Each structure stands twice: as C-alpha cells, then as structure tokens.
Amino acid sequence: MPFSADAIAAQQVQERLKSLHQLVHDIEKKRHTSEQGINAILKAQDVQESKSQHSQMRLKNLYKTSIQQTEQEEESIRKALQKIAEIRNIKNERRIQARNAGNKESIRQGAWMKMLSNSAQTLPLYVGKTNEKPPPLCGAIPSESYYIAKVGDMVAALVKVTEGEENWILAEVVNFNQHTNKYEVDDILEEQNEKGRHTLSKRRVVPLPLMRANPETDPSALFPQGTVVMALFPQTSCFYKAIVNKPPATHTDDYEILFEDQTYQEGYSPPLLVAQRYVISVKQKQKN
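Residues numbered from 1 in each chain as written. Predicted model: local features only at pLDDT ≥ 70, side-chain atom pairs only at ≥ 80, totals over all residues. Heavy atoms only, no water.

As annotated in an unreviewed UniProt entry, the protein chain carries the name SGF29 C-terminal domain-containing protein and is attributed to Cryptolaemus montrouzieri. If you open the UniProt record of the protein chain and go to Subcellular location (unreviewed entry), you find "Nucleus". (UniProt positions renumbered as here; feature names shortened; annotations may be inferred.)

Student: It is not clear to me how the overall build of the protein chain should be interpreted in this structure. Could you clarify?
Tutor: Helix and strand counts for the protein chain come out as three helices and 10 strands. The order of α-helices and β-strands along the protein chain, N terminus first, is α-α-α-β-β-β-β-β-β-β-β-β-β. Counting the 288 residues in the protein chain, one finds 35% classified as buried. Sequence-distant contacts in the protein chain: of pairs separated by 6 or more residues, those separated by 24 or more amount to 57%. Total accessible area on the protein chain is roughly 18,600 Å²; 51% of this is exposed by carbon and sulfur atoms. (Helix = DSSP H or I, 4+ residues; strand = E, 2+ residues; numbered from the N terminus. Buried < 20%, exposed > 50% of the residue type's maximum accessible area, 1.4 Å probe, protein only. Contact = heavy atoms within 4.5 Å. Areas by Shrake-Rupley, 256 points an atom, 1.4 Å probe, with all protein chains shown as cover.)

Student: Looking at this structure, I do not really get the side chain of Arg204. What am I missing?
Tutor: Counting through the fold element by element, Arg204 comes out in the loop between strand E4 (198-201) and strand E5 (205-207). Of note is the side chain of Arg204, whose polar atom sits 2.9 Å from the side chain of Glu166. Ignoring sequence-local partners within four residues, the contact set of Arg204 consists of Ala156, Ala157, Leu158, Glu166 and Trp168. (Polar contact = N/O pair within 3.5 Å; in protein donor to acceptor, adjacent residues only side chain to side chain.)

Student: Even after reading the chapter, I still don't get the nonpolar core, so can you show me in this structure?
Tutor: One broad rule of soluble globular proteins: the nonpolar side chains tend to lie buried together. With 35 residues, the main nonpolar core has Leu170, Leu208, Phe239, Tyr255, Ile257, Tyr278 and Val279 as its most contacted residues. Not counting residues up to four positions away in its chain, the partners in contact with Leu208 are Leu137, Met154, Val155, Ala156, Leu170, Phe239, Arg277, Tyr278 and Ile280. Membership of the second largest hydrophobic core comes to 15 residues, among which are Val173, Phe176, Leu200 and Val205. (Core = buried A, V, L, I, M, F, W, Y, C linked by side-chain atoms within 4.5 Å.)

Student: So what exactly am I meant to see when it comes to the packing of aromatic side chains here?
Tutor: Geometry of an aromatic ring pair is reported as the spacing of the ring centres plus the angle between the planes. In this structure the tally under the stated criterion is four aromatic pairs. A connected cluster of aromatic rings, assembled from ring pairs, spans Phe233, Tyr240 and Phe259. (Phe/Tyr/Trp six-rings, centres within 6.5 Å; stacked < 30°, edge-to-face > 60°.)

Student: What should I look at first to understand the pattern of salt bridges in this one?
Tutor: Think of it this way: side chains of opposite charge can pair up when their charged atoms draw near. By the definition in use, this model includes two salt bridges. Put simply, Arg204 and Glu166 hold a salt bridge, and the shortest N to O gap is 2.9 Å. Taken together, the positions of Arg204 in the loop between E4 and E5 and Glu166 in strand E2 (residues 165-177) put the pair 38 residues apart, joining distant regions of the chain. The exposure class of Glu166 is partly exposed, given its relative accessible area of 22%. With its nearest N and O atoms 2.9 Å apart, the salt bridge here joins Arg197 to Asp186. Of this pair, Arg197 sits in the loop between strand E3 (182-187) and E4 while Asp186 is found in strand E3, placing the two residues 11 residues apart along the sequence. Its relative accessible area of 8% is what places Asp186 among the buried residues. (Salt bridge = Lys/Arg side-chain N within 4 Å of Asp/Glu carboxyl O.)

Student: Please explain the pairing of strand E7 (residues 238-246) as it appears in this structure.
Tutor: Successive side chains on a regular strand alternate, one facing one side of the sheet and the next facing the other. Alignment of E2 against E7, held across two bridges, turns out to be antiparallel. Across the sheet, residue Ile169 finds its bridge partner in E7, namely Cys238. The pairing of strand E6 (residues 228-232) with E7 spans five bridges and is classified as antiparallel. Each residue of the ladder has a partner; that of Val228, found in E7, is Ile243. Strand direction decides the pairing type here: E7 and strand E8 (residues 255-259), joined by four bridges, are antiparallel. When the sheet's bridge partners are listed, Lys246 is paired in E8 with Glu256. (Pairing = 2+ DSSP bridges.)

Here it is, written out as structure tokens:
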C-alpha cells in the first residue's frame, strides 16, 4: 500500500526531529566540554608560575582547544537551526499540496491572525559569522531586483479593492509566470479569495523577509527610528504607510510603529507593535 502525502510528510518531520534531538545532545555535551576548558584556563591563569615558558605554552594550548570546542558547538547549533527550518518547510509544502488538491481548511479570521503572529515570531533568526553581512530578505534588507518569490511565500501585494481604489494586502504566492513576468497571488484571508485570484506584475509585489535580524549583532539590517515604511496594521491583512517610532532592541522584540491616522491631532496613531516580518520599505506608486 503506497504511503499517503501526509504519511510521507510525517515521516520526514520525524527523521529531522530525531536528528535535531541528537544535535541538541551534542550541543550540551560540547558546551560542558567548553566550560571545563574555560575553567582550566582560569585555573592556569591563577597559577603563580604562569610566567614560566612551560606554563605559558600550556595556557596557549588551552585557549586554542577552547576556541576549537566553541567553533564545534557553533556548527552544531547552526545544523540544529537548519533542521528546524527544514521541518518548517516540509509543513508549508504539505499545506500547499493540500490546497492544490482542493483540501482547504475553514479557518476563522481570529485564528488566521494568531497563525500570522506565530509565523512572524518563529521566523528564522539570522546568525552570521564574523564580518559576514546579512543577506537580502533579512530584516529590512530588500530582495534583489531579479528575485522571484517562491510558491507559498507571503508577500505584500498591491490589489484593486474597488473601482479607483487600491490597497496593499498580505498575500500568498500561488504561481509566477516567467513568460508574462507576473505573479498569481491569493489574499491571506480565505474569505477574501471569493472575489478571485489576483494576477499582478512584479512591481506590485514585495517579498516579505525570510529571516529576522538581530539588533545586537546586525543593527544595520533594521529600519532606524523615523524611517517611513509600510507595516501590517495589527489584526488586519492590510499594509499602511507608517513611521518607525522605535526599532527592536532584542531579537525577540517587535517594531514600535506610528500609523498615519488623521483622526488624531498629531496625524499618527499611538505606538503599535508590529513584527519584523510585516514591516517593509515603502513602495512608491508609478504614475501613468
């Protein structure tokens, strides 16, 4: 009896969870070894005879060993993060397969909003090596001009809402036609798709970040205070023009955003929190 798509996906996830469990065990083991090495270094530094050539050589070897152990621990952590990313991708691919097969889940708007929040919070954190710059689609860094968003990726899309009115909405890529250079996207809220699928040119689609930026190591990959941006208004699926009031201070923080709002005397809303994934550069409309 052939395996179903669900069974295959479950098996793939289980394999990666097993590898992840082993990696976590290795990380703990290497961390314990590294701590022992550091303690040995501290003891060696306290020895009175450390000025002798033999003691200095021993101390140097301890430093070298400790650095190697730390690098091994770092490599294991990177492998563990890769396994987590693979599990995330498998789940997303299975969801796309189910959608293409016509098996759509009925999810209420409140549940969708919670899923979008969880998706932003669990977006992979970029952890670069020394002197390595964050890549495109990390935090505030835009995609390359030739970049094509993949099927299932979330994007900001400029669509017609009513005659003469357009809005930037949160959408999912369904297809990209290389011949017409156009995307097919669906509104992230399923009930909105009853109005039909949107076919849009590349300039009307902005890929969302694929990784979060760490403010403590890569502050240049975040929008600074005062930057004019487009941000997803909380509990909606629409992007609006806004200003960064305060960028994230840690990798778990959100942006503090001021949305344009003429109902307030200052012309802006009170500060609202928006995740990194849903804050992007302003896309200027081209005049005909």
